[in-house]
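Structure assessment
Below are the chains, spelled out letter by letter.
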Amino acid sequence: MDRNFDISHKITVQSKTEYVELHSHDGYEFFLYIAGDSEYFVEGNYYKLEPFDAIVISRNEMHRVLHRSNTVYERVVISIDREFFKETGCEEYESIFMNREFEGNNKIPAKEVKKSGLYDIVKAILKYSDDGANQGKPVVRAAIIEFLYILNDIKNFKRSENADSRITNIISYINENYSENLTVDTLAAKFFLSKNHLCRIFKKSTGYTLHNYINHKRLLSVRDLCREGMAIGEACTACGFSNYSSFYRFYVKEIGAAPKYELK
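Residues numbered from 1 in each chain as written. Predicted model: local features only at pLDDT ≥ 70, side-chain atom pairs only at ≥ 80, totals over all residues. Heavy atoms only, no water.

1. Quick word on the pairing of strand E2 (residues 28-35)
For E2, the buried fraction is high: seven of the eight residues fall into the buried class. As defined by bridge partners, E2 adjoins strand E7 (residues 71-80) across seven bridges and the pair is classed as antiparallel. Directly across from tyrosine 33, in E7, lies its bridge partner arginine 75. (Buried < 20%, exposed > 50% of the residue type's maximum accessible area, 1.4 Å probe, protein only. Helix = DSSP H or I, 4+ residues; strand = E, 2+ residues; numbered from the N terminus. Pairing = 2+ DSSP bridges.)

Following this line, the structure appears as structure tokens:
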């Protein structure tokens, strides 16, 4: 994102057979659902979507959309990099992403989206940017700041409707302890599940194996520590990889390329 933010408005025909892989972003994401027949998954929590519901996603939160039927799918996505807050002098507006308890608490109901003015400012952003085609105009940047101001004033977030508490508890534990020696054996014992059952329900719910999910979280943490100045070898060990080689192999498998130069 050259501007440290990006605006995307898309209308496609969704397919219930389409599989969107669980993924995460380095920045923050605001997802406004306009039309379709979908639900949203964030870190083990599921949200049934109604027109004009919004989903707020923090850095490194694993998420994906799931389609339930074949129909028109319309959405607006506003992605914001951390540098945007520094460049515009509005660091306090980052708090909605950093200082709020996210577990099972990502959805803004449509009624609140409209009542708060979020929907109106998103429409204005689309208008000023020519539906995302011209995002470099100063008025677009100003509207993004107003959007963040409104977003930070919202308190009515809705919790997940149908989360599997076993999966959300396991994911919470992984997120807090990925630097430790986590294995299928230790997690199965911790949550009183057989190894086979644990692996089956985790993969069914997230699309990830336990091993890959744990290592993906470790990878994200290595990236953040390197950006803060830690040596990559030290970061790998601090985040739970046995050594740099194991991190390198997983990185190449997950990303499809060798670690970027700035990580070294």
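2. Some points on the sheet that holds strand E1 (residues 5-14)
Backbone hydrogen bonds hold the strands of a sheet together, and the pairing may be parallel or antiparallel. The five strands lie next to each other as E1-E7-E2-E5-E8, forming an open sheet whose pairing is antiparallel. Only two strands of the sheet have a single partner each, and these edge strands are E1 and strand E8 (107-108). In this sheet, E8 lies alongside strand E5 (residues 54-57) in antiparallel orientation, the contact comprising two bridges. Counted as the bridge partner of isoleucine 55 is lysine 107 from E8.

3. Section: the nonpolar core
Phe30, Ile108, Leu118, Phe147 and Leu151 are the most contacted members of the largest nonpolar core, which has 36 residues in total. Looking at which element gives the most residues to this core, the answer is helix H5 (residues 138-152), with seven residues. Among all residues touching isoleucine 108, those that are not within four sequence positions of it are Phe30, Asp53, Ala54, Val56, Val113, Leu118, Leu151, Ile154, Asn156 and Phe157. Core analysis: the second largest hydrophobic core is formed by 20 residues, Leu66, Ile167, Leu193 and Leu198 among them. (Core = buried A, V, L, I, M, F, W, Y, C linked by side-chain atoms within 4.5 Å. Contact = heavy atoms within 4.5 Å.)

4. Things to note about the side chain of lysine 107
In this fold, lysine 107 is placed in strand E8. A polar atom in the side chain of lysine 107 sits 3.2 Å from the side chain of aspartate 53. (Polar contact = N/O pair within 3.5 Å; in protein donor to acceptor, adjacent residues only side chain to side chain.)

5. Re the sheet that holds strand E4 (residues 45-48)
Spatially, three strands are ordered E4-E3-E6 in an open sheet, and the strand pairing comes out antiparallel. With one partner strand each, in any of the chains shown, E4 and strand E6 (63-67) form the two edges of the open sheet. With strand direction ignored, the average angle separating the axes of adjacent strands in the sheet is 20°. Relative to E4, strand E3 (residues 38-42) runs antiparallel, the two being bridged by four bridges. Note on E4: the bridge partner recorded for glutamate 39 is lysine 48. Each of E3, E4 and E6 is contacted by helix H8 (residues 195-206), which is oriented at about 75° to E6, the strand it contacts most. (Axes fitted to C-alpha atoms, helices over the stretch in contact; angles between N-to-C directions.)

In short, shape yes, function no, at least from these values alone.
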